[in-house]
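# Observations on the model geometry
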Amino acid sequence: VGTCFAFMEKKNEVELGELLLSLNYLPSAGRLNVDVIRAKQLLQTDVSQGSDPFVKIQLVHGLKLVKTKKTSFLRGTIDPFYNESFSFKVPQEELENASLVFTVFGHNMKSSNDFIGRIVIGQYSSGPSESNHWRRMLNTHRTAVEQWHSLRSRAECDRVSPASLEVT
């Protein structure tokens, strides 16, 4: 039973899609640079038109939401290429208390945007892959560190990451 459950859980993760991110910290400038490169196999939120996905990036310091930024939304795709860069001011002494929450939404004109998936990287990472990415970035200042992440459900992120509870 255990293996079957683990397989189901894994399968569920893949169905939400994946996000390719690059992180880079510049200690002299106190800037955390984030590149949202692309996503693939996103959960389709609108069957008639496909999804219009965008990524919301939120910097949480400790348990306080500090800044929110968004990519543009790309029409009718579940495999969007964003190649968008964002920069957050994070002094070096605050870096260890920082978390980045990445939430993928399907843009929806008529109602609120449709949640697709989320990951948290940083102090309150939502999993080992996210922790590993953050650690690699901390160990290689001034060098962009790229990694794919499997999106997780909101419930899963809320359960494992207090930072996830701080954002919408």
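An unreviewed UniProt entry lists the chain under the name Synaptotagmin-17, with Piliocolobus tephrosceles as the source organism. Quoted straight from UniProt, the Sequence similarities (unreviewed entry) entry for the chain says "Belongs to the synaptotagmin family."

Turning to the overall build of the chain, a few remarks are in order. Secondary structure assignment for the chain yields four helices and eight strands. Listed N to C, the secondary structure of the chain is α-β-β-β-β-β-β-β-α-β-α-α in terms of helices and strands. Out of the 168 residues belonging to the chain, those deemed buried represent 44%. Within the chain, contacts between residues separated by at least 24 positions form 65% of all contacts whose residues are at least 6 apart in sequence. With the model as given, the accessible surface of the chain reaches about 8500 Å², and the carbon-plus-sulfur share is 53%.

Below, the discussion takes up the packing of aromatic side chains. This model, assessed by the stated rule, comprises two aromatic pairs. When the centroid spacing of 5.6 Å and the interplanar angle of 25° are considered together, the rings of Phe 54 and Phe 105 count as stacked. Here Phe 54, found in strand S3 (residues 53-61), pairs with Phe 105, found in strand S6 (residues 98-106); they are 51 residues apart in sequence, far enough to count as distant. Each member of the pair, Phe 54 as well as Phe 105, carries the same accessibility label: buried.

Quick notes on the rules
- Residues numbered from 1 in each chain as written.
- Predicted model: local features only at pLDDT ≥ 70, side-chain atom pairs only at ≥ 80, totals over all residues.
- Heavy atoms only, no water.
- UniProt positions renumbered as here; feature names shortened; annotations may be inferred.
- Helix = DSSP H or I, 4+ residues; strand = E, 2+ residues; numbered from the N terminus.
- Buried < 20%, exposed > 50% of the residue type's maximum accessible area, 1.4 Å probe, protein only.
- Contact = heavy atoms within 4.5 Å.
- Areas by Shrake-Rupley, 256 points an atom, 1.4 Å probe, with all protein chains shown as cover.
- Phe/Tyr/Trp six-rings, centres within 6.5 Å; stacked < 30°, edge-to-face > 60°.

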